[in-house]
Amino acid sequence: MMERKKVTEYVDIQAPREEVFDLVLNLKRRMQLSPLWGVASIQEMDPNFPEMGSRYHVKVQSGEAREYDTVVTEYRPLSRLAYQLEVEQQTRVTWTVQQVASGTRVVYEEEFLVDEENQTAVTDTVREVIRNWLRNIKNYLELRDGRIKRLVRWLMDRYFLDLRKDQRQVILTVLFMQLVGIISFIMAAIAMGIAGFVTG
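Predicted model only: the values in this text are computed from it and were never measured.

A. Spotlight on the overall build of the chain. Within the chain, the secondary structure is distributed over five helices and seven strands. Mapped from its N terminus to its C terminus, the chain presents α and β elements in the order β-α-α-β-β-β-β-β-β-α-α-α. Counting over 200 residues, the chain shows a buried share of 34%. Look at the contacts in the chain between residues 6 or more apart in sequence, and 49% of them connect residues 24 or more apart.

B. Up close: the pairing of strand β6 (residues 92-100). Bridge count between strand β5 (residues 80-85) and β6: five bridges; the pairing is antiparallel. If you follow Leu 81 over to β6, its bridge partner there is Trp 95. From the end of β5 to the start of β6, which pair antiparallel, there are six residues, and Gln 90 there has a positive phi angle of about 50°. With nine bridges joining them, β6 and strand β7 (residues 103-115) adopt antiparallel strand pairing. Bridging across to β7, Val 97 finds its partner in Val 106. Hairpin connection from β6 to β7: two residues lie between these consecutive antiparallel strands.

C. Broad picture of helix α3 (residues 119-141). For α3, spanning 23 residues, the distance from its first C-alpha to its last is 33 Å, which sits close to the expected 33 Å at 1.5 Å a residue. Taken together, the buried positions of α3 are occupied by Gln 119, Thr 123, Val 126, Ile 130, Asn 132, Trp 133, Leu 134, Ile 137, Tyr 140 and Leu 141.

D. Spotlight on the environment of Val 152. Among the structural elements, Val 152 can be located in helix α4 (residues 147-160). Judged by relative accessible area, which is 34%, Val 152 ranks as partly exposed. Remark: the alpha-carbon pair of Val 152 and Tyr 140, spanning twelve residues in sequence, is separated by 9.3 Å.

E. Structural view of the packing of aromatic side chains. This model, assessed by the stated rule, comprises six aromatic pairs. Pairing Phe 21 with Tyr 75 gives two aromatic rings, centres 6.4 Å apart and planes at 20°, and the pair type is stacked. With a gap of 54 residues between them, Phe 21 in helix α1 (residues 17-25) and Tyr 75 in strand β4 (residues 64-76) connect regions that are remote in the sequence. Ring centres 5.7 Å apart and planes at 85° place the aromatic pair Phe 49 and Tyr 56 in the edge-to-face group.

F. Focus on the side chain of Arg 29. With respect to the element layout, Arg 29 can be found in helix α2 (residues 27-32). A distance of 2.3 Å separates the side chain of Arg 29 from the side chain of Gln 32, its partner in a polar contact. Polar side-chain contacts of Arg 29 include one of 3.4 Å to the side chain of Tyr 140. When near neighbours in sequence (up to four residues on either side) are disregarded, Arg 29 contacts Leu 23, Tyr 140, Asp 157 and Leu 161.

Criteria and thresholds
Residues numbered from 1 in each chain as written. Predicted model: local features only at pLDDT ≥ 70, side-chain atom pairs only at ≥ 80, totals over all residues. Heavy atoms only, no water. Helix = DSSP H or I, 4+ residues; strand = E, 2+ residues; numbered from the N terminus. Buried < 20%, exposed > 50% of the residue type's maximum accessible area, 1.4 Å probe, protein only. Contact = heavy atoms within 4.5 Å. Pairing = 2+ DSSP bridges. Expected span 1.5 Å × (residues − 1). Phe/Tyr/Trp six-rings, centres within 6.5 Å; stacked < 30°, edge-to-face > 60°. Polar contact = N/O pair within 3.5 Å; in protein donor to acceptor, adjacent residues only side chain to side chain.

Structure, rendered in structure tokens:
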């Protein structure tokens, strides 16, 4: 028996509302920040997106490849974007962007049908993906103040976000190993300096 479940999560971002909503509308960038990037990809989009009734086509490559259309059901500039996935689960998603004291709040709501036997596991998985997605969006949009942050964001836009998930992991592993090497070198240099001072 199928049951309808709803998951709601939100995050506060220190960035202007316009910039946050622009990211919600930027399908490619939004998907690149999703934990599902590389599994799901946008194939084509109506030229009048995000107007009501416009649609875009999604391809999922996880196990068996499948495709579906997503139809916009509500669009309010700077405020709300809602759409429905034409899938068996009848998934409905709403992104709401609000001005708050700490900056901009993004509220994500997802409703879907799920088998009663698997509802806890499926709902927990969906919630975890959403939380990670919102955290990625927050971290990305907050790379805005200061030269270093703006440089990191430029590098992400130019190189990193276009990579597949497995390619990103390779780069992060290499960077981590380089960081460990640098720290080890510094620690060794400090130890040698202390040893020289003590024996000197």
